[in-house]
Amino acid sequence: MGLVYSYDIYVRPWNVARVLANLADLAPPARAVPPLEITLPGGDRLVLPFTSHFKSEPVDCSTSSTLELDTSLMFDVDDALREYAQMSGREPEADGRLQIGYIYAKIWFESLLHPDYASVECWAATSGMSRLFARSANIRKVFTDLTADSGGVCCLFDTGDGGPEQVCWLNGEPTREMVSGLRFPDRRALVAAWSDSEK
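Residues numbered from 1 in each chain as written. Predicted model: local features only at pLDDT ≥ 70, side-chain atom pairs only at ≥ 80, totals over all residues. Heavy atoms only, no water.

**Q** It is not clear to me how the overall build of the protein chain should be interpreted in this structure. Could you clarify?
**A** Helices and strands together make up the secondary structure of the protein chain, namely five helices and ten strands. Relative to the 2.2 N^0.38 estimate, which gives 16 Å for 199 residues, the radius of gyration of the protein chain is 16 Å and therefore close to what a compact globule would have. Principal-axis analysis of the C-alpha atoms gives the protein chain an extent of 45 × 40 × 30 Å. Within the protein chain, the fraction of its 199 residues that count as buried is 48%. Considering only contacts within the protein chain whose residues lie at least 6 apart along the sequence, 54% involve residues at least 24 apart. Of the roughly 9900 Å² of accessible surface on the protein chain, 50% is carried by carbon and sulfur atoms. Within the protein chain, the 28 negative side-chain charges are centred at a point lying 2 Å from the centre of the 18 positive side-chain charges. (Helix = DSSP H or I, 4+ residues; strand = E, 2+ residues; numbered from the N terminus. Rg over C-alpha atoms; globule rule 2.2 N^0.38 Å. Buried < 20%, exposed > 50% of the residue type's maximum accessible area, 1.4 Å probe, protein only. Contact = heavy atoms within 4.5 Å. Areas by Shrake-Rupley, 256 points an atom, 1.4 Å probe, with all protein chains shown as cover. Lys, Arg positive; Asp, Glu negative; His and termini not counted. Charge placed at Lys NZ, Arg CZ, Asp CG, Glu CD.)

Right, dumping it as structure tokens:
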């Protein structure tokens, strides 16, 4: 199956619309797919420049626990992205940003870590992209900035193999702590550290 790495963002459910709107701002300026209309639990409606299961029919999540999106995002080029572009034959845009391929987003309206939070998990589509997720400081920054700008409490880098995850952003600060380390021996300890977990 290959490597399947992701950045996972944890937010209160009322901030999911904000995450998705901010994610849409990262989409390429021109896409050859019709816009996708989404109705979120609670009734918020968004029109996104993505697909869901590679289709553009409206999606009503009002009674659903998850939403799956096929996204394409732009990243400012750094050394890792430049090397990837050369190997894959992709060219940066005039503004210096690069589109790297499909990133699959799965939204859990009740996250697996804590039912009072939602999660937005952004998975790399290929092993090569997964390695790029691990190496690129700019990709990491995009997802930690997305967490901050969307009112998130935590961003994890997940290697998808059941191994320890790296905490990239927590309660307003970038970090590089491991889940299974001294500070966070397990996920329960991580969730207990979220700044508003008792609210």
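Having seen it, we continue.
**Q** What exactly am I supposed to notice about the nonpolar core here?
**A** Nonpolar side chains in soluble globular proteins tend to end up buried together. If you look at the biggest cluster of nonpolar residues, it comprises 48 residues, and the most contacted ones within it are Leu20, Leu69, Ile100, Phe133 and Phe143. The element that contributes the greatest number of residues to this core is helix 1 (residues 16–24), accounting for six residues. Among all residues touching Phe133, those that are not within four sequence positions of it are Tyr5, Ser6, Tyr7, Ile100, Ile103, Cys122, Trp123, Ala124, Ile139, Phe143 and Phe157. Residues Leu113, Leu190, Val191 and Trp194 belong to the second largest nonpolar core, which totals 13 residues. (Core = buried A, V, L, I, M, F, W, Y, C linked by side-chain atoms within 4.5 Å.)

**Q** Sorry if this is basic, but what is going on with helix 2 (residues 79–88) here?
**A** Three- or four-residue spacings in an α-helix give side chains the same orientation, since the helix completes a turn every 3.6 residues. Turning to helix 2, its buried residues are Ala80, Leu81, Tyr84 and Ala85. The arc that holds the buried residues of helix 2, viewed along the axis, is 135°, so those residues lie on one side. Those residues of helix 2 that are exposed and aimed more than 90 degrees away from the buried face are Asp79, Gln86 and Met87. Elements that come into contact with the buried residues of helix 2 comprise strand 5 (66–76), strand 6 (97–108), helix 3 (127–135) and helix 4 (137–149). The N-cap of helix 2, judged by a side-chain oxygen 3.2 Å from the amide nitrogen of Ala80 a few residues on, is Asp78. (Arc of directions from axis to C-beta. Polar contact = N/O pair within 3.5 Å; in protein donor to acceptor, adjacent residues only side chain to side chain.)

From the geometry alone we can't say anything about function, so treat these as descriptive.
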